[in-house]
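Per-entry structural report
Now for the letters of each chain:
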Amino acid sequence: MSEGHLPRLDRLLDRLLAVSPASQTWFFALRIWIAMALALYVAFWLQLESASSAAVSVAILAQPKRGQAISKAIYRFLGTITGGVVAIAFAAAFGQDRVLMLVCFTAWLSLCVFAAQYLQDTRAYGAMLSGYTVAIIAISNIDAPQSVFDAAVSRVAAIAVAITAITFINDALGSPSTWRGLLPPLASALRSAKALARHALRAGDPGPDKALDLIRAVAALRADANAIAGELDDGARRAAGARSAIAGLYAAMAASRNFAIAARDAGPEHPAIEEARAICAGLVGSGESGIGQADFIAARARLRDLIERAVRDGGCDLDAVLTLQRARDLATALMLAQDGMTALRTGRRPLRIVRLPTHRDFPVAFRGAARVALAFALAAALFVALGWPATTYALVQVAAMGAMSSVNPDPRKYANGVLIGIPLAALAAGPLLLLVLPLVNGFPVLALAVAPVVFAACFLIAHPPTASIGFILLVYFPVLLSPGNAQSFDPQTFFSNAVQMMIVAVILATTVRIILPIRPDQARRYAFASAIRDVRGALAGAGGDAVDRTSLNCDRIVQYAQVNDGAAVVRARRLKLAFAIAHLEASAARAHDQLGALERVPALRAVAERSRGALAGGVGTEIETAAQTLLEAGREADASQHLAVARAVSDLVAVARVMARHRRFLRTLRLPGF
């Protein structure tokens, strides 16, 4: 080879390496292929009636990490059991009335989809699965209701085989642990939180955009945090640690911004505030390796001394008390975040056990459920009117695809994946079923023949822009291939099934666009309406747990940012207001919680009750006056109550300040006092 060809060959090799999948993607594809082959072999050996369901289940459970696969497998099994029981009940009750069975199934499917909207991750998948499983078992046997029980047992058995196969292969081949994979991004998020805090301590409020970037990075870790529990014997403690760390990062973001704003309002020449700033700066400095739990405990103790002195001596005003309390909130949040990471790494119990609830808007959930119900009803009417043979096959696919799209963060993107993935699955399954398999016999040939398609689908799944296409290809390739003990090679059946699936894909892509679509302005309106309801509840004393409220608010802000379109100035203004409402709601909820505790102190009962009344009234000036009165009363109270008084005062002042800064906007929302 001449020397002139060497650079060209090097460039070609560089391009091939650039587009070739990473080694972990190859191992992921290898695990899924082996698990699918093993599940099929066991299903054939057991002579299961729906052996292909084992391969399809492995495809659905295909997850890069072990904890993710286990979590999804658990809820797939529970969802299948629930759907099987309901299917048997429907067949027993409506076996002689097709119309009534279809109507009842539509109602059940929409109910499951609606419930899935309020759940998250694999729990949402389990709820959705219990809906369309009824279609797979009962609707597909609508002409033979006496076969429903056998179909239910066979499907449960096939899924049990798939779960066992993929779990065994993941363990045998060393599937990556979810908790290990979560440590690096969580550590990166902690560094980002400390960087945000450094900016707040040195230069002032970093602003909503930087806060949103941190929230997005942290929110993306919640799914893995919830998937850890079933991975190890101490998985529940590791999962609790991950959740505590995530909640701590949310709180650190809020405390950083709140400290910067409070310090600005307090003005210069506050030695206590400057000392608190220096203490927090030491906790978030670039030299992080030397900061341990003892340092956080010492910092919190010193900040507590500063707060109690401010309450006792009366040398600080309301703004100073608020600033000092926010400094201690920041130290506490960072300590809990680091403690949660340690619990995740070591498997010990974290300092606290928290939930991470997610925000859902009722109109969005209702529209998602109604969309699936209408799509199924219209498809049923269409196929029945056309007199299409094997209509039940198409209805099962409508139910399954519609339900899966409903729990996808972007139903339109999922529908686009279906439009591309279904033809690819047909192109892959057709030649194999009609040209290759009839000429050869034996399970090894079948296993080797499906390998290229499985690997290609896994490569697409590993690439985020094509993940939905890869998922559809991996799932519907075995559906169309339908391997069985008595393999059918009927071209007419294959082409009929493929065409019906493509029609269903078009129906799905159409319905998500024209049936009850949710425009960005509607989604924003729903989010703001729910936020204002929460603010009203918080002002009235129904705010709930502060950690839960922070998680819900952060999740709502992330969802809101996804639909926050328009000019940059308009987007920035909306985002600022979204953060302000979250701050107002969280502060009011915490204030009521702390005031409720102070009401049990005889010396502070009366002033605490008046402060709660001022909060419920929603008048900012009255709330600030109540905070000043509470602070003065706290100076005369027992020293053990000074920190509790400071907490209540700081949240009362925070509520009053947000109301003052955004009075014009809050007046349009018809909050109490406006």
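The structure contained in this document is the topic of the report that follows. (Residues numbered from 1 in each chain as written. Predicted model: local features only at pLDDT ≥ 70, side-chain atom pairs only at ≥ 80, totals over all residues. Heavy atoms only, no water.)

**Structural notes on empty space enclosed by the protein**
Under the counting rule described, the total for this entry stands at six cavities of 30 Å³ or more. Taken as a whole, the largest cavity holds about 100 Å³ of empty space. As for the largest cavity, its lining consists of A527, F528, A531, N553, R556, I557, Y560, A578, I581 and A582. Listed by contribution, the elements that provide at least two residues to the lining of the largest cavity are α21 (520-540), α22 (546-562) and α23 (568-598). (1 Å grid on protein atoms, 1.4 Å probe; cavity = no way out; pocket = protein on both sides within 12 Å on 5 of 7 lines; lining within 4 Å. Points joined across faces, edges and corners; volume = space filled by probe spheres on them. Helix = DSSP H or I, 4+ residues; strand = E, 2+ residues; numbered from the N terminus.)

**Some details on helix α24 (residues 605-617)**
What sets the pattern is the α-helix's 3.6 residues per turn: residues three or four places apart point alike. Relative to the 18 Å expected for 13 residues at 1.5 Å per residue, α24 spans 18 Å between its end C-alpha atoms, a close match to the ideal helical length. Three or more residues of α24 are buried, namely V607, A608, S611, A614 and L615. The arc that holds the buried residues of α24, viewed along the axis, is 115°, so those residues lie on one side. Residues of α24 that are buried make contact with α21, α23, α25 (620-636) and α26 (642-661). (Expected span 1.5 Å × (residues − 1). Buried < 20%, exposed > 50% of the residue type's maximum accessible area, 1.4 Å probe, protein only. Arc of directions from axis to C-beta. Contact = heavy atoms within 4.5 Å.)

**As for the pattern of salt bridges**
Enumeration according to the criterion identifies 23 salt bridges in this entry. In this structure, the salt-bridge partner of R326 is D329, at a minimum N-O distance of 2.8 Å. With R326 and D329 both in helix α14 (residues 318-346), this residue pair falls three residues apart, about one helical turn. Among the charged side chains, a network of salt bridges with common partners joins R326, D329, R590 and D651. (Salt bridge = Lys/Arg side-chain N within 4 Å of Asp/Glu carboxyl O.)

**Focus on unusual backbone geometry**
Even without being glycine, S482 reaches a positive phi, approximately 45°. Tracing the sequence through the fold places S482 in the loop between α19 (467-481) and α20 (491-514). Positive phi outside glycine occurs at L516, with the angle close to 50°. Within the secondary structure, L516 sits in the loop between α20 and α21. Under the relative-accessibility criterion, L516 is labelled partly exposed at 30%.

**Brief notes about the packing of helix α12 (residues 271-284) against α14**
As a packed pair, α12 and α14 sit with axes 10 Å apart at the nearest point and diverge in direction by 15°. Between α12 and α14, the angle is such that the two are roughly parallel. As for the relative orientation of α12 and α14, their crossing is left-handed in sense. Along the contact surface, α12 presents A272, I273, A276, C280, L283 and V284, while α14 presents A320, T323, L324, A327, L330, A331 and L334. Its residues placed into classes, the contact of α12 with α14 shows twelve nonpolar, one polar and no charged. (Axes fitted to C-alpha atoms, helices over the stretch in contact; angles between N-to-C directions. Parallel < 35°, antiparallel > 145°, perpendicular 65-115°, else oblique. Left-handed = near helix turned anticlockwise from the far one by under 90°. Nonpolar A, V, L, I, M, F, W, Y, C, P; charged D, E, K, R; others polar.)

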